[in-house]
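# Structure assessment
So the chains spell out like this:
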Amino acid sequence: MLDRFITPVIKPLLTPAVLLLDKKHVHPDKLTLVGFCVGMLAVPLLALELWYGALVFIVLNRIIDGLDGALARHQKHTSDAGGYLDICLDFLFYAAIVLGFALANPADNALAAAVLLTVFIGTGSSFLAFAIPAQKLNLPRPQFANKSFYFLNGLTEGTETIAFFVAFCLWPAYFPELAYSFAFLGAITIFTRVHGGYHTLKSQNVNNVNSKKAATHKVDLQEPQNDR
């Protein structure tokens, strides 16, 4: 929900780092891999209950995640392969962070982590599944024009996810309550995405059928009539 507002603010802040990385001839896909590895370092720290150390690597991962896309656009290296790699590693990172809290305190955190991971599957699949027909139908995406995938809006997006991750690290004793709260918001996102996506695609299909019928009718009217 907040991504559309946060992205324009963050973009200018990344420009100096993007220019430096470009000068060093860093490839965006390599930066994506580095960011993922950095983020995964948070998992053992979470398991050891080193909350602030884990938070540092979580934040670094998110910064690098913003840099790789900006660098790709700057270098004109945007590609479906790069976008695919980025989104796959993002979801693995999100899931791994939740797993880290489950490992830290299985007795208290495991159930809440399982619920949140289930919701993550729903939020991720609801927009990724929509991206396939949306790309096929060439639907407009003005709010996320620079994304490799068609992003269906929701109540919980990247900004909300990182905000909750920060909260998890700052108040780890309240992980179950925070995780259930995030899961509830995510469930709303799943419902709105599935509902909105279904009706968008259904109306698009109806419009396509009507357009084909209109085109066929027009051709029929233009055909010359045989004289008898």
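As a reminder, the structure under discussion sits directly above these lines.
These numbers were taken from a predicted model, which means no experiment stands behind them. (Residues numbered from 1 in each chain as written. Predicted model: local features only at pLDDT ≥ 70, side-chain atom pairs only at ≥ 80, totals over all residues. Heavy atoms only, no water.)

Counting across every chain of the model gives 2 cavities of 30 Å³ or more. In this structure, the largest cavity occupies an estimated 80 Å³ of space. If you trace the largest cavity, you find it lined by Thr32, Gly35, Phe36, Asn61, Arg62, Ile64, Asp65, Asp68, Asp86, Leu89, Asp90 and Phe93. Elements supplying a minimum of two residues to the lining of the largest cavity: α2 (28-40), α4 (51-75) and α5 (80-104). In terms of residues, the lining of the largest cavity owes the most to one element, α4, which gives 5 residues. For the lining of the largest cavity, the residue count by class is 4 nonpolar, 3 polar and 5 charged. (1 Å grid on protein atoms, 1.4 Å probe; cavity = no way out; pocket = protein on both sides within 12 Å on 5 of 7 lines; lining within 4 Å. Points joined across faces, edges and corners; volume = space filled by probe spheres on them. Helix = DSSP H or I, 4+ residues; strand = E, 2+ residues; numbered from the N terminus. Nonpolar A, V, L, I, M, F, W, Y, C, P; charged D, E, K, R; others polar.)

Along its 13 residues, α2 runs 19 Å from first to last C-alpha, staying within 8% of the 18 Å computed at 1.5 Å per residue. The set of residues buried in α2 consists of Pro28, Leu31, Thr32, Gly35, Phe36, Val38 and Gly39. Looking down the long axis of α2, one finds its buried residues gathered within 165° of arc, a one-sided arrangement. Summarising the geometry of α2, the exposed residues directed more than 90 degrees from the buried face are Lys30 and Cys37. (Expected span 1.5 Å × (residues − 1). Buried < 20%, exposed > 50% of the residue type's maximum accessible area, 1.4 Å probe, protein only. Arc of directions from axis to C-beta.)

This brings us to the layout of surface pockets. In this structure, the second largest pocket encloses a volume near 150 Å³. In this structure, the second largest pocket is lined by Lys11, Leu14, Thr15, Val18, Leu19, Ala70, Arg73 and His74. Those elements giving two or more residues to the lining of the second largest pocket turn out to be α1 (3-23) and α4. The biggest single contributor to the lining of the second largest pocket is α1, with 5 residues. Taken together, the residues of the lining of the second largest pocket sort by class into 4 nonpolar, 2 polar and 2 charged.

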